[in-house]
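# Geometric and topological summary
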Amino acid sequence: MPRAGWHVATVAATHRETPNAARLELDVDGWPGNAAGQHLDVRLTAPDGYSATRSYSIASSGPTMRVVLAVDKLPDGEVSPFLVDEVRAGDMLEVHGPLGAFFVWRPGGAAGAAGSDGVEARPVQLIAGGSGVVPLYAIAQAHADADDPSPFRLLYSARTPDDVYFADELRALAEASAPLRLDLVYTRRTPDGWPTPAGRITREALEAAVIPAADRPLVYVCGSTGFVERVADWLVELGHDTRSIRTERYGGT
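If you're wondering where the values come from, they're calculated on a predicted model, not measured in any experiment.

For the structure shown, the criterion picks out 15 salt bridges. Here Glu17 ties to Arg23 by a salt bridge, and the two come within 2.6 Å at their closest N and O atoms. On the accessibility criterion, Glu17 (13% relative accessible area) is buried. The salt bridge involving Arg54 is made with Glu78; its shortest N-O contact spans 2.9 Å. Of the two residues, Arg54 sits in strand β4 (residues 51–57) while Glu78 sits in the loop between β5 (66–72) and α1 (80–85), which places them 24 residues apart along the sequence.

A word on the sheet that holds strand β7 (residues 124–129). Taken in spatial order, the five strands line up as β9-β8-β7-β10-β11 in an open sheet, and their pairing is parallel. Looking along the sheet, the strands with just one partner apiece sit at the ends: β9 (180–186) and β11 (245–249). Looking at each pair of strands side by side, their axes are set apart by 10° on average, direction ignored. Sheet topology places β7 next to strand β10 (residues 218–223); five bridges connect them, and they run parallel. Considered in β10, the bridge of Ile127 is made with Val221. Sheet strands in contact with helix α5 (residues 225–237) are β7, β8 (152–158), β10 and β11, and its direction is about 155° off that of β10.

With 33 residues, the main nonpolar core has Leu126, Leu136, Leu154, Tyr156 and Tyr220 as its most contacted residues. Taken together, the elements giving at least two residues each to this core come down to β5, β7, α2 (133–145), β8, α3 (167–174), β9 and β10. Setting aside its immediate chain neighbours within four residues, Leu126 contacts Leu136, Ile139, Ala140, Phe152, Arg153, Leu154, Leu155 and Tyr220. Val71, Leu83, Val84 and Val95 belong to the second-largest nonpolar core, a separate cluster that totals 22 residues.

The rules behind the values
- Throughout, a residue's number is its position along its own chain's written sequence, starting from 1.
- Given that the model is predicted, a residue must reach a pLDDT of at least 70 before its local features are reported, and side-chain atom pairs must reach 80 or more before they are shown or counted; all residues, however, enter totals for whole chains, interfaces and linings.
- With hydrogens and water stripped out, all remaining heavy atoms of the structure feed into the side-chain values.
- In what follows, salt bridge is the name for a side-chain nitrogen of Lys or Arg lying within 4 Å of a carboxyl oxygen of Asp or Glu.
- Whether a residue is buried, partly exposed or exposed follows from its accessible area with a 1.4 Å probe, protein chains only, as a fraction of its type maximum: under 20%, in between, or over 50%, in that order.
- Put simply, DSSP H or I for four residues or longer makes a helix, DSSP E for two residues or longer makes a strand, and each gets a number counted from the N terminus.
- Two strands pair under a simple rule: DSSP has to find at least two bridges between them.
- To define axes, lines are fitted to C-alpha atoms, for helices over the stretch in contact only, and angles between the resulting N-to-C directions are given on a 0 to 180 degree scale.
- Note on definitions: a residue-residue contact is assigned when non-hydrogen atoms from the two residues lie within 4.5 Å.
- Working definition of a nonpolar core: buried Ala, Val, Leu, Ile, Met, Phe, Trp, Tyr and Cys residues. They are joined through side-chain atoms within 4.5 Å.

Here it is as structure tokens:
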């Protein structure tokens, strides 16, 4: 894994990702690159010296020094409202990372493509709730960039079509040569003509939309604490090996 450290990041671009979230593109001096699924810390310091640090998943991966974040604004947050509403191109931020070694995926590894021993590529199931899709998008993009043959499937729960992160990119990934099946669930409002009504993911819907336990998928689950715990429990009930389930919960505000 690349060595973590503090870096100065310059905001290269920012735009609205959803009505409540912004995508930030950062040029990070000295960034060592990061694996898909890692995160970083952002530290803001006020003129009076008060500082606040929060963790955010990274939506990009690889050796580049361009780092992409997608930040959801929490109404009572100290950091996310500033990043979503106030930050502009040219601003500078302090970031610490890359961080995390468990919730990562690499092409060609034990969880990725078949190795030199000819072992069959292991399938990967991604399950996201809301902004929890950010590190899973990075994993899916890394899979496509490597043209990795591992079967991939993403089950993504969002409130409405307007709340889908990386909507255009996910559609493109679903059509890429590396296999990715995209399953969307809307909890509050669906697109016109959507085949299923709005509602939260149920155990039965989960079973129908994930790679079966018999296929031994490596499963990544990211979202709110309640979402992750509920989904992880259902996966175990459906026969998935707990050692093959990797979870990550929403960080700070």
